[in-house]
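# Architecture and fold: a report
Here are the chains, one letter per residue:
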Amino acid sequence: AKSFRIAVTPGDGIGPEVVAEAVRCLELLKTKHNLPLEWTNLPWPSHAWHEQHGESMPADALEQLKAYDAILLGALGDPGPVSDPNRYLLPDSISLAPLLDMRKGFDQWVCERPARLLPGARQYLADERAKDIDMLVIRENSEGEYVGQGGRLRKGRPDEVATQMEVFTRRATDRIIRYGFEQARKRASERAEAGTSRQFKTLDGRTCESQVCVITKRNALRYWGDMYSEAFEEMAKDYPDVATHHELVDAACMKFVQAPWAFDVVVASNLQGDILTDLAAVLSGGMGVAPSCNLNPDDPDMPSMFEPTHGSAPDIAGEGLADPTAMLFTTARMLEWFGRQNDEVNAAGKALFDAVAADLAENSGSRRGTREIGDAICARLEKAG
Ligand code: IPM
Ligand code: MN
């Protein structure tokens, strides 16, 4: 049987601490269920690496990573010892570059960021209905505002001009919208199976069991906004069972706070999705619990990348305080991703999700360290069937 190879890249800050707990869970699951999983640790701390080699990862990092089925990434971003007067500071633009290089280089065009307020997670909204928050934000991850084209003219002068190009292609728009519809269907059938169906009204008064909301800023950014809307309307014809909805990104921010429980699947551009998913993360209990993944769904030779939404949190790094919950949910998602080809691995992914969710439910508001949370989850996995 195929063995799944994982490149473990702990990264910077709290990355190594939360990744250590993920690896413990993987070890336990692998041994317990005899799973075909293998991993290699690739510690490339960006500050130290850059100081020594002049770049934040090995020059052939992408080639090395390409040999794996998935990349399990802690977090990137380490400016260096800020308090040291002789400090050598590494700008974010350098330490975070590999993240964008991986997404682009491996064409990880889907970024999935589920936001579900699970029992035990911190509830920021006072409204009782917040318990029903369960959305999947799908961020277009290959182009848009992140193409990195543009420049600075007359740099540093009072008449300086900075340009930053946004590029949207119909091909990338169609594939992300189709992905959104497919996920909506999948969620509807999972809910039907679990007996937790939801209902969404269409504009013509029909009732559907799932919804896709597409986000644009078409009242100001017309060209891509109109293309997104047209692509969405055309695609919707293939999915009459899915309710469709459009929101302008500013209104979407408002509605995420006013009535987030009304959303199901949300499809957004790269930057708008980036911003909305920080908001969505808070709706689901904060950065400590928000998973994320960067997927290439159609090229089996390209690794997908699994990394929580949170960053490297240098302010609490090394203290054992970081919550590994988001990392562990993300690891569960990785196993379910492999699980498309292997039922046992899929079951292990579900078991890990369940253990993390149960731990969250039972320890609401408790002050526990990284290790302690990892211990509790491992103990739960050990006991589970
Ligand atoms: C994220 C992050 C990255 C992004 C940064 C670190 C470049 O905010 O993964 O959401 O903007 O995509
Ligand atoms: Mn972000």
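Residues numbered from 1 in each chain as written. Chains lettered and ligands numbered in written order. Predicted model: local features only at pLDDT ≥ 70, side-chain atom pairs only at ≥ 80, totals over all residues.

## A short note on the environment of A22
To keep things clear, this is the line we draw: Helix and strand definitions follow DSSP, with helices as H or I runs of at least four residues and strands as E runs of at least two, each counted in order from the N terminus.
Mapped onto the secondary structure, A22 falls in helix α1 (residues 15–33). Between the alpha carbons of A22 and F329 there is a distance of 9.2 Å; along the sequence they are 307 residues apart.

## Re the domain arrangement of the protein chain
Quick reminder of the rule: Where each domain starts and ends follows an automatic or database-derived domain assignment. Contact between two residues is assigned whenever their backbone-derived C-beta positions fall within 7 Å. Note on residue classes: Ala, Val, Leu, Ile, Met, Phe, Trp, Tyr, Cys and Pro are nonpolar, Asp, Glu, Lys and Arg are charged, and everything else, Gly too, is polar.
Taken domain by domain, the protein chain holds domain 1 (1–108 + 292–385) and domain 2 (123–284). A separation of 26 Å is found between the C-alpha centroids of domain 1 and domain 2. Listed per partner, the contact involves 8 residues of domain 1 and 6 residues of domain 2. Among the elements that line the side of domain 1 that touches domain 2, the one with the most residues is helix α5 (residues 97–105), at 3 residues. Per-class residue counts for the side of domain 1 that touches domain 2 are 2 nonpolar, 3 polar and 3 charged.

## Topic: α5
We apply this condition: Counts of 20 or more other C-beta atoms within 10 Å of a residue's own C-beta define buried residues, counts of 12 or fewer define exposed ones, and intermediate counts define partly exposed ones; C-beta atoms are placed from the backbone. This arc is taken over the directions from the axis of the helix to the C-beta atoms.
For α5, the set of buried residues is P98, M102 and R103. Taken end-on, α5 shows its buried residues confined to a sector of 140°, consistent with a single buried face.

## Observations concerning the site of ligand 1
The cut-off we apply is this: All residues are tested the same way: a C-beta atom is placed from the backbone, and lying within 6 Å of a molecule or strand makes the residue near it.
Taken together, L96, L99, D274 and T309 make up the full set of residues near ligand 1. For the shell around ligand 1, a count of residues per class yields 2 nonpolar, 1 polar and 1 charged.

## Considering the environment of L90
Tracing the backbone shows L90 in the loop between β3 (70–75) and α4 (92–95). L90 gets classed as buried once you count the C-beta atoms within 10 Å, which come to 21. Separated by 34 residues in sequence, L90 and S56 place their C-alpha atoms 9.0 Å apart. Sequence-distant contacts of L90, that is, excluding residues within four places in its chain, are made with S46, H47, H50, D78, P79, G80 and S95.

## Some words on the pairing of strand β12 (residues 265–268)
The side chains of a regular strand alternate between both faces of the sheet. Quick reminder of the rule: Two strands are counted as paired when DSSP detects at least two bridges linking them.
Both faces of β12 are covered, namely the face carrying V265 and V267 and the face carrying V266 and A268. In this structure, strand β5 (residues 134–140) lies alongside β12, joined through 4 bridges in parallel fashion. Following the sheet pairing, R139 is matched in β12 by A268. Note that strand β10 (residues 210–216) and β12 share 3 bridges and pair parallel. Note on β12: the bridge partner recorded for V212 is V265.

## Here we look at the sheet that holds strand β4 (residues 110–116)
What counts, and what does not: Angles here are taken between N-to-C directions and fall from 0 to 180 degrees, while the axes themselves are lines fitted to C-alpha atoms, restricted in helices to the stretch in contact.
One open sheet accounts for 10 strands, arranged β2-β1-β3-β14-β13-β4-β5-β12-β10-β11; its pairing is mixed. The open sheet terminates on both sides in strands that have one partner only, identified here as β2 (37–41) and β11 (242–248). Along the sheet, successive strands turn relative to each other by an average axial angle of 20°, direction set aside.

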